[in-house]
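Chain by chain, the residues:
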Amino acid sequence: MKMFKNITVIFLASLTTVISDRPPDIYMQPYANVYFNPGEDVELPCRANGVPRPTYKWKKNGRYLNLSGKFRKLSGEGTIVNNALEEEDEGIYQCMAENEFGTSLSINVNLRAGKLGAFDVSEPVTYRPNLGDSLTLDCVPPVSVPKPIIVWVLRTPEGRFEPINYNGRISLDLEDRLHFANILKDDEQEGKAYVCLVQNPILRQTSFGKLNYIIPVGRVPALRPVQYLWSSASDSFGLRGETFSLKCIFGGNPTPEVSWQKNNTSLPVQYLLRSYGQELFIPSLTDEDAGQYKCIGLNNQGAVLYRNFNVRVQSKPYWEVEPTNIEARVGTSATFICKAKGDPKPKIVWFINGVKLTGYHLKSKVPILQSGRVVQPNSNNLTFVNLNESDRMVVQCNASNKHGYVFADVYLDNLVISNRPPAIYKQPDFDVYFKRGEYVALPCRANGEPKPTYRWTKNGINFNISDFGNKFLQLSGEGTIVNNAPEEEDEGIYQCMAENEFGTSISNNVRLRMGKLGAFDDSEPVTYRPFLGDSLTLNCIPPVSVPKPFIEWVLRTPEGGFEPINYNGRISLDLEGRLRFTNVQREDEQQGKAYVCVVVNDFLRRNLFDKSNYIIPVRKFPDLNPVQYLWTSASHEVGLSGEPFILKCIFSGNPTPDVTWLKNNTSLPEQHFLRSYGQELFIPNLKNEDAGQYTCSGSNSQGNAYRNIDVRVQSKPYWEVEPTNIKARVGTSATFICKAKGDPKPKIAWFINGVKLTESKAAITQSGRLIRPSAGNLTFINLNENDSLVVQCNASNTYGYVFADVYLNIPGY
């Protein structure tokens, strides 16, 4: 629930004396939407820098919140905690950090109670459709906050629930209705009921709709021409950078095949077809994806049907130029630039110390606004001229349109020379990818006085960008470097260092890698001749791909086109990209079409296609085969706390085995989800209590089999006590505490000015004034004026690390 503003790593200053005055600057705040389970703990974080140390207030729905009531504020920061929130606590919250030089604002935080209503009480409904006709089962879900997960399941007469095997004939629309393109005798499901199931991930509760029974009428399914059942709206828009789907469902017997076009031609290769070709999925929408789309449904019983879609691409606001903090000298000017793009065009609104700038000049107590020394040539520009020592404030800019907003909260400070070690506040992510020949930037910015100089290392060796001519550029006034034409030789581990005479601040290690997608080995087409009823596996050995690719299988037509494969309980993918047939049927011959493995690199927006695989089943009738193990997750699996986790079991056999799951020999918890026709167990957010023994069982009329999988939950390091900046007086001591949890237990390593503690030449480490009573504690005693330095702490285990870069400052007097 914590969100850092404009920084990757920054830490709350712990001040033991007064340093140079500075307006507040909130650097940790909640996300825009926070949900809670009534009665459970909720924390709304708020931390700010500033001197004097800021005081904090909160507003709820525009009114000041009484923090002496049910909310408790954590000592030394603005974070508030409520141990038993109720529905009446819902509202729009905002944190304010203020001192005599200004007021910093957090974003607006929408705090909402998780809710899950009940379905309307309804009697079971029995449908009696003719064999071959289409059918739709409605689901009107109850109110749910946040948006629920909705699936359909089968309910047995004993009250158990089983997954529905979706395929090209049975599918869900995007409004949660269950559609049957044509009814078959199998849809009676031996008296089991179809039930709409609604799951609320915050409350970890489930609600079930009415029972729907299907009793088909007739002896032979009637042939039916294609008819429209459901589609996305004809005029659809999506948001830039987000996922986007269009879907078409047609009825008819035989089941219609669905194909897609964009602007009357084939789809771009980076588009994905899901749900047996019914759903067109775009992982990250761009402006080029706007246009005319068409879905086409056809079978052999009549005219082709199609639906047209006009797709428009709009966007939430996003920064073109984001305002930044300014420290300016007396007599100079300061200009804040706030530019945002979006569709519709964002509206820019400025605030001073949390109050809208419009009409503020007349009532403001901020001297510069009363004196007329404010220039605003356009809505994107706010300039203060002829600055004096009292011109300190916090400036906010909000750029909004109907899809959302971006918000900046920055300060104007009077620059007073006060020696201070560097502190990096903006740095790259841990992993950065680039495309060959397209520029890539590695940001690095730091505070400090004197103003820091910057250098970089690559693979632990000093990296001088001037040795590369015009290939590299360092941005003026900061350490950010830009590679204008990166090549594979530029890959490596990069680290930024900001240094002045009082210390060296270092960034995290940044792994820079070039996006790659190799080629499949050249292979001739392969023809398989399995017995009907036997299992079959088609292998896919993907080429090298950076980052990790997405693997899919498709059918290649003799004309060179591609069609989706209708996955079901009989045909599925394992978690290593192989295509598995539980039992081969005559229809798997696919009229001479080839099965092809496709590797998709989303970063490069490129696809690769492997060799053609043909299936020609042998024998007239399929053999009945008992259940056998075909593929499962490993017998011992480790998952990471807080991350998604998947187990999968695929069994062979004819008839197709049903797959069920147990945890510790009992039913699965409600927050565990079954996917891929029951073969896949999915846990969205792994927790310690999810450890245990899981059993997947496959059964058919010929026998059964099972696999046990032991699951352990471990974790990357995370802070228990995070080090903070310290400013101390001469003659006193300073203690840095660095405690991290994780499994395996993290190892703590300390650095001084970027050098391992054991190798440090800093005067204080050589003079015997350093005490280290434990791995997580570093104390400096009898401080003198020369003891300013930067301390780094790294807590790491096999799964990752957390890294702190903080300073010890001893000001002059």
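Just so it is clear, the model here is predicted, and its values are computed rather than measured.

Examining the confidence of the model for the protein chain
No. 1: Chain-level statistics for the protein chain give a pLDDT mean of 89 and a share of 96% at 70 or above.
No. 2: Here residues 1-19 scores under 50 on pLDDT; set against residues more than four positions off or in separate chains, the count is 83 contacts.

Details of the pairing of strand E66 (residues 645-654)
Two faces, one strand: in a regular strand the side chains alternate between the faces of the sheet.
No. 1: Of all ten residues in E66, nine are buried; the element is thus mostly enclosed.
No. 2: Note: E66 against strand E69 (residues 680-683), four bridges, orientation antiparallel. From the neighbouring strand, Phe-645 faces E69, where its bridge partner is Ile-683.

Focus: unusual backbone geometry
No. 1: The omega angle of the peptide bond from Asp-343 to Pro-344 is 0 degrees, so this bond is cis rather than trans.
No. 2: Relative to the assigned elements, Pro-344 resides in the loop between strand E35 (339-343) and strand E36 (347-352).
No. 3: Residue Pro-744 is bonded to the preceding Asp-743 through a cis peptide linkage, with omega at 5 degrees.
No. 4: The topology assignment puts Pro-744 in the loop between strand E74 (739-743) and strand E75 (747-752).
No. 5: One non-glycine residue, Asn-264, lies in the positive phi region at around 65 degrees.
No. 6: By the element assignment, Asn-264 lies in the loop between strand E28 (257-262) and strand E29 (272-274).
No. 7: On the accessibility criterion, Asn-264 (60% relative accessible area) is exposed.
No. 8: A positive phi is found at Asn-782, a non-glycine position, where the angle reads about 50 degrees.
No. 9: By the secondary structure assignment, Asn-782 is in the loop between strand E78 (777-780) and strand E79 (789-797).
No. 10: What makes Asn-782 partly exposed here is its relative accessible area of 48%.

Structural notes on the sheet that holds strand E33 (residues 326-328)
No. 1: The strand order E33-E41-E40-E36-E37 describes an open sheet built from five strands, whose pairing is mixed. Of all strands in the sheet, those bounded by a partner on one side alone are E33 and strand E37 (355-356).
No. 2: Strand direction decides the pairing type here: E33 and strand E41 (residues 404-414), joined by three bridges, are parallel. If you follow Ala-328 over to E41, its bridge partner there is Asn-414.

Let's talk about the side chain of Asn-182
No. 1: Take Asn-182: it is sitting in the loop between strand E21 (178-180) and strand E22 (193-200).
No. 2: Residue class for Asn-182 comes out buried when judged on its relative accessible area of 1%.
No. 3: A polar contact is formed between the side chain of Asn-182 and the backbone oxygen of Gly-252, at a distance of 2.7 Å.
No. 4: Residues contacting Asn-182, with those up to four places away along its chain left out, are Gly-132, Asp-133, Ser-134, Arg-169, Asp-187, Gly-252, Asn-253, Pro-254 and Thr-255.

Topic: the environment of Leu-473
No. 1: Within the fold, Leu-473 resides in strand E48 (residues 472-474).
No. 2: A C-alpha to C-alpha distance of 7.7 Å links Leu-473 and Asn-484, two positions eleven residues apart in sequence.
No. 3: Apart from residues lying up to four places away in sequence, Leu-473 is in contact with Ile-465, Thr-480, Ile-481, Val-482 and Asn-484.

Side note on the pairing of strand E77 (residues 770-774)
No. 1: Of the pairings in the sheet, the one linking E77 to E78 comprises three bridges and is antiparallel in character. Looking at E78, one finds that Leu-770 is bridged to Phe-780.
No. 2: Hairpin connection, E77 to E78: the antiparallel pair is bridged by two residues.

What to know about the state of the cysteines
No. 1: Evaluated as defined, the whole model comprises eight disulfides.
No. 2: One disulfide in the model links Cys-338 with Cys-397; its S-S distance is 1.9 Å. Its S-S torsion of approximately -75 degrees makes the covalent link between Cys-338 and Cys-397 left-handed. Here Cys-397 lies in strand E40 (residues 393-401) and Cys-338 lies in the loop between strand E34 (334-337) and E35, a separation of 59 residues in the sequence. Note on accessibility: Cys-338 and Cys-397 belong to one class, buried.
No. 3: Two residues, Cys-444 and Cys-496, share a disulfide whose sulfurs are 2.0 Å apart. With the S-S dihedral at roughly -80 degrees, the linkage between Cys-444 and Cys-496 falls on the left-handed side. Here Cys-444, found in the loop between strand E44 (440-442) and strand E45 (445-449), pairs with Cys-496, found in strand E50 (residues 492-500); they are 52 residues apart in sequence, far enough to count as distant. As far as burial versus exposure is concerned, Cys-444 and Cys-496 are alike and both buried.

The rules we used
- Residues numbered from 1 in each chain as written.
- Predicted model: local features only at pLDDT ≥ 70, side-chain atom pairs only at ≥ 80, totals over all residues.
- Heavy atoms only, no water.
- pLDDT = per-residue confidence, 0-100.
- Contact = heavy atoms within 4.5 Å.
- Buried < 20%, exposed > 50% of the residue type's maximum accessible area, 1.4 Å probe, protein only.
- Helix = DSSP H or I, 4+ residues; strand = E, 2+ residues; numbered from the N terminus.
- Pairing = 2+ DSSP bridges.
- Polar contact = N/O pair within 3.5 Å; in protein donor to acceptor, adjacent residues only side chain to side chain.
- Disulfide = S-S within 2.5 Å.

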